[in-house]
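Geometric and topological summary
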Amino acid sequence: MDLLKEKIKKDGIVINEHVLKVDNFLNHQVDTKLMDSIGEEFANYFKDKNITKVVTIESSGIAPAYSVASKLNVPFVIFKKQSSAILDTETTIQTPVHSFTKNTDYILMASKKYLSENDNILIIDDFLANGQAAMGAYRILKEAGSSVAGVGIVIEKSFQDGRKKLEDLGLDVYSLARVSKISSNGIEFLD
Ligand code: G4P
């Protein structure tokens with residue numbers, strides 16, 4: 001998505017060769033016009049997949065998830081991060097997730113109330129690095145009996161192995177910008 005790549009080139013800040021800061025339009029301040037275009041792009045790609053709900057992981061996935069869900073005219077569900085397990089396994093589904101980027105562990109949690117065997121879910125997230133968050137969401141959806149139609153990612157770091165892990169699960173991964181290299185000389189993209 002050219003508009004997004006231009007925005008990353010213009011406003012992205014290289015923290016180091018692994019991390020790209022995009023606080024200006026995605027992670028802290030949100031560019032609403034860009035989110036509209038992002039939602040349209042995802043909705044267009046997944047429009048024939050009979051999506052019944054969009055799922056995202058708090059917090060930075062919420063803006064793009066809202067945008068695509070509104071274009072597909074379906075609800076979106078936010079999976080929550082907790083520092084420790086809540087023992088309410090009757091009403092919630094929980095799974096542990098390890099973040100390599102932040103070197104933290106959390107429990108990803110969703111209410112059973114909003115997921116069913118009739119749901120065909122699109123997972124949306126802001127970044128794909130090692131794929132741990134998306135795989136956690138996938139585990140929860142499988143436990144709920146829902147189908148997973150695909151994964152939409154705003155920025156994929158293609159030099160990490162998240163895409164491979166998700167594709168190994170048989171998932172269709174659609175990333176709007178695939179970053180192949182982050183360095184002091186700039187940001188490079190795969191086509
Ligand atoms: P993974 O799910 O693909 O394995 O990613 P990982 O755990 O390594 O990433 C953890 C957090 O770090 C996620 O945010 C992810 O969006 C973010 N992240 C990973 N790489 C980058 C990067 O290069 N730049 C930026 N800006 N963020 C990155 P989070 O903890 O879920 O935070 P938030 O959604 O509340 O913002």
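Let us look at the structure shown here. (Residues numbered from 1 in each chain as written. Predicted model: local features only at pLDDT ≥ 70, side-chain atom pairs only at ≥ 80, totals over all residues. Heavy atoms only, no water.)

1. Focus on the pairing of strand β5 (residues 92-99)
Note: β5 against strand β6 (residues 104-111), 8 bridges, orientation antiparallel. Its bridge partner lying in β6, Pro-96 is registered against Ile-107. (Pairing = 2+ DSSP bridges. Helix = DSSP H or I, 4+ residues; strand = E, 2+ residues; numbered from the N terminus.)

2. Quick notes on the pattern of salt bridges
If you walk through the whole model with that rule in mind, you get 13 salt bridges. Between Asp-172 and Lys-49 there is a salt bridge whose closest N-O contact spans 3.1 Å. Of this pair, Asp-172 sits in the loop between α6 (162-168) and β9 (173-183) while Lys-49 is found in the loop between α3 (32-46) and β3 (53-57), placing the two residues 123 residues apart along the sequence. The partly exposed category is assigned to Lys-49, whose relative accessible area is 32%. The partner of Asp-161 in a salt bridge is Lys-165, and the shortest N-O contact between them spans 3.1 Å. You can call Lys-165 partly exposed: its relative accessible area is 24%. Through salt bridges with shared partners, a single network forms among Lys-7, Lys-10, Asp-11 and Asp-31. (Salt bridge = Lys/Arg side-chain N within 4 Å of Asp/Glu carboxyl O. Buried < 20%, exposed > 50% of the residue type's maximum accessible area, 1.4 Å probe, protein only.)

3. A few points about unusual backbone geometry
The amide bond that connects Glu-58 to the next residue, Ser-59, takes the cis arrangement and shows omega of 0°. Within the secondary structure, Ser-59 sits in the loop between β3 and α4 (62-72). Backbone geometry at Asn-73 places phi at a positive 60°, although glycine is not the residue there. As for its placement among the helices and strands, Asn-73 is situated in the loop between α4 and β4 (76-82). For Asn-103, which is not a glycine, the phi torsion comes out positive at approximately 50°.

4. Re the side chain of Arg-163
One can find Arg-163 in helix α6. Of the polar contacts made by the side chain of Arg-163, one reaches the side chain of Glu-156; its length is 2.9 Å. Those residues in contact with Arg-163 that lie beyond four places of it in its chain are Leu-128, Glu-156, Val-173, Ser-175 and Arg-178. (Polar contact = N/O pair within 3.5 Å; in protein donor to acceptor, adjacent residues only side chain to side chain. Contact = heavy atoms within 4.5 Å.)

5. Here's the deal with the site of the ligand
Close to the ligand lie 21 residues, the nearest being Leu-20, Ser-60, Lys-81, Thr-101 and Lys-157. A distance of 2.4 Å separates an oxygen atom of the ligand from a polar side-chain atom of Lys-81. One of the side-chain N or O atoms of Thr-101 is found 2.4 Å from an oxygen atom in the ligand. Here the ligand, which alone exposes 710 Å², has 86% of that area covered by the protein. Mapped by element, the contributors of at least two residues to the shell around the ligand are β7 (120-128) and α5 (132-144). Element by element, the count of residues in the shell around the ligand is highest for β7, at 3 residues. (Near = heavy atom within 4 Å. Areas by Shrake-Rupley, 256 points an atom, 1.4 Å probe, with all protein chains shown as cover.)

6. Overview of the side chain of Gln-160
Residue placement: Gln-160 occurs in the loop between β8 (147-157) and α6. Owing to a relative accessible area of 19%, Gln-160 belongs among the buried residues under this scheme.

7. A short note on the sheet that holds β6
Read from one edge of the open sheet, 8 strands run β5-β6-β4-β3-β7-β8-β9-β10, paired in mixed fashion. Where the open sheet ends on each side, the last strands, each with one partner, are β5 and β10 (186-189). Recorded for the sheet is a direction-independent mean angle of 30° between the axes of neighbouring strands. Here β9 runs beside β10; their pairing, made up of 4 bridges, is antiparallel. Pairing of Val-179 across the sheet is with Phe-189, part of β10. Running over the sheet, α4 touches β3, β4, β7 and β8 and is turned about 175° from β3. Most of the contacts of α5 go to β5, to which it runs at about 160°, and overall it touches β3, β4, β5, β6, β7 and β8. (Axes fitted to C-alpha atoms, helices over the stretch in contact; angles between N-to-C directions.)

8. Observations concerning α5
Along an α-helix, residues three or four positions apart point the same way, because every turn accommodates 3.6 residues. An ideal rise of 1.5 Å per residue puts 18 Å on 13 residues; α5 measures up with 19 Å between its terminal C-alpha atoms. Across the 13 residues that make up α5, a large majority, 10, are buried. Every buried residue belonging to α5 is among Gln-132, Ala-133, Ala-134, Met-135, Gly-136, Ala-137, Tyr-138, Ile-140, Leu-141 and Ala-144, and all of these are buried. Count one or two residues on from α5 and you reach Gly-145, which has phi positive near 85°. (Expected span 1.5 Å × (residues − 1).)

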